[in-house]
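Architecture at a glance
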Amino acid sequence: MTKTAVSTQHAPAPAHTFHQGVRRGPFVQVSGQGPVDPVTGEYVFADDVAAQTTRTLENVRAIVEAAGATFDDVVMLRVYLTSREHFAAMNEAYGAFVTRHCPSGVLPSRTTVMVGLPRPEMLVEIDAFAVTA
């Protein structure tokens, strides 16, 4: 199985020395995504963790789809939050998104941790692991 880089213009270009995602066989790993508009490259929705969560998940979904998978193929998401106080709003936006994009009804596993993120405007970062048929 060859390891291949995953790239799409429908998600923000990586700012560092990594790819948006990597696929090897049926496995797809999406690098951590943040609330960045892929067209402008700007961080969006300052101080609104729910809107940032939705934008971040849209970026994850675009990369998963660029790898030839669907969001329903995602088996694990890791959510990094800057504050416990953001959990409820993130969780509500997250739940709406994954429910809408997982027609199988089997939602991905998830881990949520509180961390410091690389940019002060980032309230959330999310990465994903998908397995295709």
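Up top is the structure these notes are about.
Treat the numbers as computed from the prediction; the structure is a model and nothing was measured.

1. Let's talk about the sheet that holds strand 5 (residues 109-114)
Backbone hydrogen bonds are what pair the strands of a sheet, in a parallel or an antiparallel way. Spatial ordering of the open sheet is given by 1-2-3-6-4-5, a layout of 6 strands whose pairing is mixed. The sheet terminates laterally at strand 1 (3-6) and strand 5, the two strands that pair on one side only. Between one strand axis and the next, the sheet turns by 15° as a mean value, whatever way the strands run. Looking at chain direction, strand 4 (residues 74-81) and strand 5 are connected through 6 bridges and run parallel.

2. Description of the nonpolar core
Formed by 27 residues in total, the largest nonpolar core has its most connected members in Val60, Phe71 and Leu77. Listed by contribution, the elements that provide at least two residues to this core are strand 3 (27-33), helix 1 (49-66), strand 4, helix 2 (87-101) and strand 6 (124-131). Tallying contributions element by element places helix 1 first for this core, with 6 residues.

3. Notes on helix 1
Given a rise of 1.5 Å per residue, 18 residues ought to cover 26 Å, and the 26 Å separating the end C-alpha atoms of helix 1 matches this to within 8%. Those residues of helix 1 that sit buried are Val49, Ala51, Gln52, Thr53, Thr56, Leu57, Asn59, Val60, Ala62, Ile63 and Val64. In this structure, the buried residues of helix 1 make contact with strand 1, strand 2 (21-24), strand 3, strand 4, helix 2 and strand 6. The opening residue of helix 1 is Asp48, an N-cap whose side-chain oxygen sits 3.3 Å from the backbone nitrogen of Ala50.

Rules of the game
- Sequence order as written defines residue numbering, which begins from 1 separately in each chain.
- Given that the model is predicted, a residue must reach a pLDDT of at least 70 before its local features are reported, and side-chain atom pairs must reach 80 or more before they are shown or counted; all residues, however, enter totals for whole chains, interfaces and linings.
- Only hydrogens and water are set aside; all other atoms, that is, all heavy atoms of the structure, feed into the side-chain values.
- Strand pairing is defined by DSSP finding a minimum of two bridges between the two strands.
- Secondary structure elements follow DSSP: runs of H or I of four or more residues count as helices, runs of E of two or more count as strands, with numbering from the N terminus.
- Every axis in this analysis is a line fitted to C-alpha atoms, fitted for helices over the stretch in contact. Angles between the N-to-C directions lie between 0 and 180 degrees.
- Nonpolar cores are built from buried Ala, Val, Leu, Ile, Met, Phe, Trp, Tyr and Cys residues. Side-chain atoms within 4.5 Å join them into one set.
- For every residue, the accessible area obtained with a 1.4 Å probe (protein chains only) is divided by the maximum for its type, and the residue is called buried under 20%, exposed over 50%, and partly exposed between those limits.
- Expected span, for any helix, means 1.5 Å times one less than how many residues it has.
- Residue contacts follow a heavy-atom distance rule, with two residues in contact if any of their heavy atoms lie within 4.5 Å.
- Here a polar contact is taken to be a pair of N or O atoms separated by no more than 3.5 Å, where protein atoms must pair a possible hydrogen donor with a possible acceptor and residues adjacent in sequence count only if both atoms sit in side chains.

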